[in-house]
Each structure stands twice: as C-alpha cells, then as structure tokens.
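Chain by chain, the residues:
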Amino acid sequence: MSTPYDWLDRNLASIHKANWYRSTQTITSKAGTIATIDGREMLMFASNNYLGLAGDRRLIEAAISATQIYGTGSTGSRLVTGHLALHEELEQAIANLKNTEAALVFSSGYLANLGAISAVVGPRDLILGDAYNHSCLKKGGLLSGAMSINYLHLDIADLATKLKEYRAKYRRCLITTDSVFSMDGDLAPLRKIMDLAARYDCMVLVDEAHGTGVFGDRGGGLTQSLAIEQDLIQVGTLSKALGSLGGYVAGSAKLIDYLRNRAATWIYTTALSPADTGAAIAAINLVQKEPERRQQLWQNVKFLQQGLQDLGIHAIAFDSPIIALKFGDGDIDVTMHISQQLRQNGFFAPAIRPPTVPTARIRLTLMATHTTSQIQTLLQCLANI
Ligand SMILES: *Cc1c(COP(=O)(O)O)cnc(C)c1O
C-alpha cells in the first residue's frame, strides 16, 4: 500500500546515489583538541572552538552559576517573561567588544541573520551578496522578499558592476558578506566594500561568525582589526570562538531598537537560556583579558602554514584558522581517499564536498589549545599519505 510519505524513500535513494548522503558521528567527550568519536579517541582539527573556550572551566562555572540563579529555561520570549538581567549584561558586553552603541542577542547566529536581514529589507529592496555567503545570509534574503543578486566571490569589480546596473532600480540596498568565509577561510575585502556602499548609498551587513574572538586586538573581529566597526550591521555567533550558543546583531542604538520591534526571529522565540548567556558573558571577558589565546592561535596558523608549504600541499588561504586543503584540483575521489586515511590515523578533519562547496577539499581548523606536537603529528601523517 502506498503512503503520502513514499517520496522520502525515493529522495533518500537519490541523495545516496549522488554520494551526497550525510550522517552524524557521536562524540562522548568534552570539547577540546582530543575527542572521543564513535568510541575512538581522535585529534580534533574540525571544531569551531578556536580559542578552546568551550571546555574552559570558567565558562562551565559561569553556566552552572547562571543556572543556579535563574533556572534552566528562560520561560518566554524577551518581550514577555524571558528578558533577564543576564541578557542585558551580555548585550552590553557584546556592544563593548564590538565597539558599537548597542547589541541584541538571538537564540543562534542563523536566527540573527534571518531576523536582521528580513527586518531591514523587503520586496522593494535589493540585496547584493557574496556568492559564497553562509546559508543563513542567503535564506535571510529569501525570507525578506527583496531581490537577491550574488556577486562573484570576493570580486569587488563585479560588485561595482552590479551596483551600477541595479542599485537605482530599488529603494534600499543591503550588501551582505561573511567576514571570514566559513568553508575557504579567506577574507572579505571589507574596506573596499564599505567604500562602494558609501558611494551607492547601501547598508552593509557583515557576518563575523568566524572573525569574532580571532581578529582584532580585543578580539572584536575583522571589522575591529580594520577599524570599520561603525556604519554597518555586524552579525555573529556566540557558538564558535566564544564557546557557548546564541547569536547577535551589533550596531547603532536605533538599529537595535528597530530590530526589537521588527525582527520576527527575536520576537517570537524563547530567550537564550541562562546557562548559554552566562557562559557567553564569561567568554567575552576572557577574549579581552587573555589576548595570549589569540596570539597562540595565530602562531599555530603560521606553524601549520609553514609545514604544509614545506610538503607542497596547496591551501586556499592561510588568512584565518580555517585552512582548506586542495588535492588534485578538488577531485572528490582523491580528497575522500585522503580524508579516510586521516580518519584511520586518528585525525578528525572531514572532507567538505559539493553541494556545500563547488569543489572538494579537506577543511582543517586550528585552535589556540592545539600543541605544536599535535600539529606536527598531523603534518607527519599528511606527509606519509
Ligand atoms: C556558523 C555560522 C553561522 C550560524 O551561527 P550559529 O550560531 O551556529 O547558528 C552564521 N554565519 C556563518 C558564516 C557561520 O559560519
């Protein structure tokens, strides 16, 4: 007998056939450079825990203490029963870290982007986004109803051409970009984007998911190291270098005031839990008080770069702790083979393949807490393969 759900079998079969099927791996250890995955101890080179804070005793204690004071759940949306003094403290800490007037905390970075984009542009408006932008920037564009057009990855000339061609036909225009691209680890030309935005009267939304905590002398992100924190909409996550969960928008007081009234993904969802909020406050404090973590992370990046270059292994960029290795011009079979070899040797560094990215690569990420000898073992294993 047929059921209305039979199409699921057919669709799953075609996902398998394309070799696009994905599944989960179970971790049974605390966040760190060594993880127990499916029962086996492995060296972790794939985590977004750039500063090693997700397993830090002080974040754990802050989460426990916030839970003891406020309980496990925040019990409601921010506009009803969920707005805690702890959220205010976190928003002030983010605004301070980001050097903006104000900030607003969302339940995830994904929701922060959906909410911010769909609130600031609508059907009469234009979005110009980098072709490699994160999924949530693209979905935010769809949700907004604005005309969304991609420009070629990092290509300022293409952005300029598209502004010239389309800008005048729309009311407002929003340029969107990741600051650090999540799959390739390369950096957006933010200064040039800001110049074009000023020339064409555009807003700019920069997603600092992988920049916060990693760039800037106080860890404020790539916008901080370029000193362009003003006149833009900064979005980011509390779940990567900050080791917690949640997302944020930082910007002018009037932008934040407006979002509190118009961002549906903030208004109609339960406020961030006390534990996540408390951990994020502790993380923002440490990001500024312990710059040596950031320095160690960058030393690790340099060390890996040198080692890979000595081995003649090509990477897309060495501009961030995300290092995407390309083998055989991104050939899927070669990349999958190397990925399996790494796995057999106890390294967790997965291959990323289409449709997530145009060509296959192995995406390594470094943490401040990786030791030189851990990185050396990885290099040795790559040399053997
Ligand atoms: C991870 C990521 C997000 C989503 O953040 P979450 O807090 O995990 O939802 C948004 N943008 C970019 C570029 C990311 O890499």
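Here, every reference points to the structure presented above.
Residues numbered from 1 in each chain as written. Predicted model: local features only at pLDDT ≥ 70, side-chain atom pairs only at ≥ 80, totals over all residues. Heavy atoms only, no water.

**Some words on empty space enclosed by the protein**
For the coordinates displayed, the defined rule picks out 2 cavities of 30 Å³ or more. Computed from the structure, the largest cavity encloses a volume of approximately 60 Å³. In terms of lining residues, the largest cavity is bounded by Arg-78, His-87, Val-105, Phe-106, Ser-107, Thr-265, Trp-266, Thr-269, Thr-270, Ala-271 and Leu-272. Within the residue set of the lining of the largest cavity, elements represented by two or more residues are β3 (102-106) and α10 (264-267). Partitioned by chemical class, the residues of the lining of the largest cavity number 5 nonpolar, 5 polar and 1 charged. Of the voids in this model, the second largest cavity is the one considered here, and its volume is about 30 Å³. If you go around the second largest cavity, the residues you meet are His-134, Asp-178, Ser-182, Asp-207, Ala-209, His-210 and Lys-240. Split into classes, the residues belonging to the lining of the second largest cavity amount to 1 nonpolar, 3 polar and 3 charged. (1 Å grid on protein atoms, 1.4 Å probe; cavity = no way out; pocket = protein on both sides within 12 Å on 5 of 7 lines; lining within 4 Å. Points joined across faces, edges and corners; volume = space filled by probe spheres on them. Helix = DSSP H or I, 4+ residues; strand = E, 2+ residues; numbered from the N terminus. Nonpolar A, V, L, I, M, F, W, Y, C, P; charged D, E, K, R; others polar.)

**Focus on a nonpolar patch on the surface**
Where nonpolar side chains cluster on the molecular surface, the patch consists of Leu-12, Ile-15, Trp-20 and Tyr-21 and spans about 370 Å² of accessible area. In this structure Leu-12 comes out as partly exposed when scored by relative accessible area, which is 40%. (Patch = residues over 30% accessible without salt bridge, like charges linked within 9 Å, V, L, I, M, F, W, Y side chains within 5 Å. Areas by Shrake-Rupley, 256 points an atom, 1.4 Å probe, with all protein chains shown as cover. Salt bridge = Lys/Arg side-chain N within 4 Å of Asp/Glu carboxyl O. Buried < 20%, exposed > 50% of the residue type's maximum accessible area, 1.4 Å probe, protein only.)

**Examining the state of the cysteines**
Counted by the stated rule, this structure contains 0 disulfides. Its sulfur unpaired, Cys-173 is 3.5 Å from the next cysteine sulfur, which belongs to Cys-202. Taking the relative accessible area as the measure of exposure, Cys-202 reaches 14% and is therefore buried. (Disulfide = S-S within 2.5 Å.)

**Describing the site of the ligand**
Taken together, the neighbourhood of the ligand is formed by 14 residues, with Gly-109, Asp-207, His-210, Thr-237 and Lys-240 sitting nearest. At a separation of 2.9 Å, an oxygen atom of the ligand approaches a polar backbone atom of Tyr-110. At 2.6 Å from an oxygen atom of the ligand is found a side-chain nitrogen or oxygen belonging to Lys-240. For the shell around the ligand, a count of residues per class yields 3 nonpolar, 8 polar and 3 charged. (Near = heavy atom within 4 Å. Polar contact = N/O pair within 3.5 Å; in protein donor to acceptor, adjacent residues only side chain to side chain.)

**Some points on the sheet that holds strand β12 (residues 347-348)**
Reading across the sheet, the 3 strands line up as β1-β2-β12 and stay open at both edges, with mixed pairing between neighbours. Since the sheet does not close on itself, it has two edges, and those belong to β1 (34-37) and β12, each with one partner. Bridge count between strand β2 (residues 40-44) and β12: 2 bridges; the pairing is parallel. Considered in β12, the bridge of Leu-43 is made with Phe-347. (Pairing = 2+ DSSP bridges.)

**Comments concerning the pairing of strand β9 (residues 247-251)**
For β9, a buried count of 5 out of 5 residues is recorded, marking the element as mostly surrounded by other parts of the structure. Burial along β9 is two-sided: the face carrying Gly-247, Val-249 and Gly-251 and the face carrying Tyr-248 and Ala-250 are both buried. Where β3 lies against β9, 5 bridges are found, and the strand directions are antiparallel. Paired with Ala-103 across the strands is Ala-250, a residue of β9.

**Concerning the packing of helix α2 (residues 57-70) against helix α11 (residues 274-289)**
At a closest axis distance of 7 Å, the pairing of α2 and α11 adopts a crossing angle of 140°. Here α2 is positioned oblique relative to α11, judged by the angle of their axes. The two elements α2 and α11 meet at a crossing, and its hand is right-handed. Here Arg-58, Leu-59, Ala-62, Ala-63, Ala-66, Thr-67 and Tyr-70 of α2 lie close against α11, whose contacting residues are Pro-274, Ala-275, Gly-278, Ala-279, Ala-282, Ala-283 and Leu-286. Among the residues forming the contact of α2 with α11, the class breakdown is 11 nonpolar, 2 polar and 1 charged. (Axes fitted to C-alpha atoms, helices over the stretch in contact; angles between N-to-C directions. Parallel < 35°, antiparallel > 145°, perpendicular 65-115°, else oblique. Left-handed = near helix turned anticlockwise from the far one by under 90°. Contact = heavy atoms within 4.5 Å.)

Coordinates in, geometry out; function isn't part of it.
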